[in-house]
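# Observations on the three-dimensional arrangement
Listed here are the chains, written in short residue letters.
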Amino acid sequence: MRTWKAILTAALLASMSAAAQQAAEQQPSAQPPAPDATQTAQSSQQATPATAQPAAAQAASIAPPAPSPAPTTMDQVVTLFIEHEHGLIKALATRTPVVETYLQNLTADPQLGPVPSADHYFLGRMDMGETVDRKDYLKEEDRSMQSRLLGGFGKLYKVQYQPLGFSWMVYADRTDFDREHYEFRYARREFLGDVRCLVFDVTPKPKSGRGRFLGRIWVEDQGFNIVRLNGTYAPAPRNAMFFHMDSWRLNLIPGYWVPAFIYSEEGDFSAGVKNRLAFKAQTRIWGYDLKKGGKDDELTQIRVDSVTDESAAAQDASPLQAERVWQQQAEDNVVERLTNAGLLAPDGDLDRILQTVVNNLEVTNNIDLPRPVRTRVLLTSPLETFSVGNTIGDQPGLVDVLPDEASLAAVLSHELAHIVLGHNLGSKYAFNDRMLFSDEGTYQNLGFKHIPEEETAADKKAVELLKNSPYAQKLDNVGLFLKALQLRAPQLSALLTTHLGNPLAENGTVIRLSALETQGPALDNAKLDQIPALPLGGRVKINPWDDKAEMVKTAPVAITSARDKMPFEVTPFFPRLIRYGTGAAAPAATPATAAANNGTGN
Ligand SMILES: [Zn+2]
């Protein structure tokens, strides 16, 4: 049992070092700069998922469109992409993906430029059919926050297409994307990632009505599908405004590029300009393939396996064994239910990395649990962790913003401490009737918040585990991270509001691992080598079709000013586009995973 457990330190998460944001010459590692080193760290984030694509194809159950004859004129190209856009709308009409918008209001800081002043979070399932509908996962009070936000805007501007918010930006024009309503002007050719595109400027024709798309589209030059839309809608009605948006699609199934990311930004921080509205917002869409294909079989199999393990001896279970099997049953039920609701990623590469960090803590502390600790990745943006049975749910945004592996270990150590201390929650979920609720009701029906006494005990134990681990010498970084979090916590309450577990911060004050907050040097923005926390979305990417999560490999980019740090901030999307079936040979997570694999033999 112990042989597979080995300590893996610095090399584990090459991309987890804060130095990843530093200039290449400051990097002690022998890593050569990646070919796309000219891109910024943010520009290479959210790269196109290069997943095991045959599986996705199997589950797709959307037949690829019939191949069209190669166009010989730009006019024919226009005809093709208009046709394909209608084909996409039709193909996705039965889908109900998860849609999440995370928005940061901005205010000007003399030193740091525009910084978050408040934030808002929306989560729901979007019906891609004719009737635009969005079912919310969040509780009543969160919904009223949404209406407050929209209502708040409403006093100044009427937001169109409410309550859909930002997710309506998935298509240029759902009903009238044609030559009668639009002028299409070819601009140039351009590569987006590996994909060569034809770029067109799109303008609505006079008198074609309000709320028409105005901007630029990128059309890939093999299937002639739109892969990116950048612009706004016009003309706006009186006393109303349309947001600007940059909307990206990914080639996740044969023949179709499906909407995946939308970035939106408003505000002007030049001298003398009064902002009535300034924000940055990321909208992510995933879970296109929820409740489709072979997912049910896969999960049934996991449960059969685990039950077999526990009852290996052909005897009746002892009371303790019975208790453990019961706990595991609850754990499996919860993991299955959250996965089916599109809130938890399927078991994947990122879990191997997280489990290695947990393993490092276990080995050095001589923790030998009856069952190995499993980790699973939450797909939602708010920073949270939770544990149920021996499973730790971890949020990829945390992996994004944490400066290094020690900080990741610190966050995981708290949940590991709950498990070690036997703070088992959720055994009631071993009763299957408790799993029978609608996906939208997940947060009302599942919850793993500990009582304050257990939280305090877990924090104490976590610090103990860390001080006795390979991360003991690096707890200064954890202290810096907690200080940075404290600095931003009052403005980022939506990011820090948990929906399943206990929060890192409450009412603007960091409460998790507060014993470590005093550790390490003082926070100093002017120090460019001090990177206490990273922007959101830089390390983990989710495949919007099958929900698989993996690490992104980004090239190191020099930080030239304090404004480049952008801790906990929303940044634009710039996925590296690839065609379906061409990326399977090079999964982005290889460096870290390879290190983990090599290390296990030690
Ligand atoms: Zn806790």
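Let me sum up the structure you'll find in this document. (Residues numbered from 1 in each chain as written. Predicted model: local features only at pLDDT ≥ 70, side-chain atom pairs only at ≥ 80, totals over all residues. Heavy atoms only, no water.)

What follows concerns the environment of A406. Locating A406 in the fold gives a position in helix α8 (residues 405-420). Residue classification places A406 among the buried residues on the basis of a relative accessible area of 1%. Sequence separation between A406 and K474 is 68 residues, and the spatial gap between their C-alpha atoms is 6.1 Å. With residues near it in sequence (within four places) discarded, A406 still touches Y471, K474 and V478. (Helix = DSSP H or I, 4+ residues; strand = E, 2+ residues; numbered from the N terminus. Buried < 20%, exposed > 50% of the residue type's maximum accessible area, 1.4 Å probe, protein only. Contact = heavy atoms within 4.5 Å.)

A few words now on the side chain of S387. Position of S387 among the secondary structure elements: in strand β14 (residues 385-388). Side-chain polar atoms of S387 contact the side chain of E415, separated by 2.9 Å. Not counting the four nearest positions on each side in its chain, S387 is found in contact with I392, E415, H418, I419, F448 and H450. (Polar contact = N/O pair within 3.5 Å; in protein donor to acceptor, adjacent residues only side chain to side chain.)

Each protein donor to the zinc ion is listed here as H414 (NE2), H418 (NE2) and E455 (OE); together their distances run 1.9 to 2.1 Å. The sequence motif formed by the donor residues of the zinc ion is H-x3-H-x36-E. Here the residue H414 and the residue H418 both occupy positions in helix α8, the gap between them amounting to four residues, near one helical turn. The pair H414 / H418 is uniform in exposure class, with both members buried. (Donors = N, O, S within 2.8 Å, 3.2 Å for Na, K, Ca; no water.)

With phi around 70°, D547 is a residue other than glycine that occupies positive phi space. Its location among the elements puts D547 in the loop between β18 (540-542) and β19 (549-551). For D547, a relative accessible area of 1% translates into the label buried. Of note, M566 is a non-glycine position whose phi angle comes to about 45°, a positive value. Summarising the element assignment, M566 is placed in the loop between β19 and α12 (590-599).

Moving on, we come to the packing of α8 against helix α10 (residues 452-467). Each pair of packed helices gets described by two things: the angle between the helix axes and the distance between those axes. In contact at an axis separation of 8 Å, α8 and α10 are set at 120° when each is read in the N-to-C sense. Between α8 and α10, the angle falls in the class oblique. Classified by chirality, the crossing of α10 by α8 is right-handed. On α10, the residues touching A409, A410, S413, H414, L416, A417, H418 and V420 of α8 are E454, E455, A458, D459, K461, A462, L465 and L466. Of the residues that constitute the contact of α8 with α10, the class distribution is nine nonpolar, three polar and four charged. (Axes fitted to C-alpha atoms, helices over the stretch in contact; angles between N-to-C directions. Parallel < 35°, antiparallel > 145°, perpendicular 65-115°, else oblique. Left-handed = near helix turned anticlockwise from the far one by under 90°. Nonpolar A, V, L, I, M, F, W, Y, C, P; charged D, E, K, R; others polar.)

Such coordinate-based values are descriptive only and should not be taken to indicate function.
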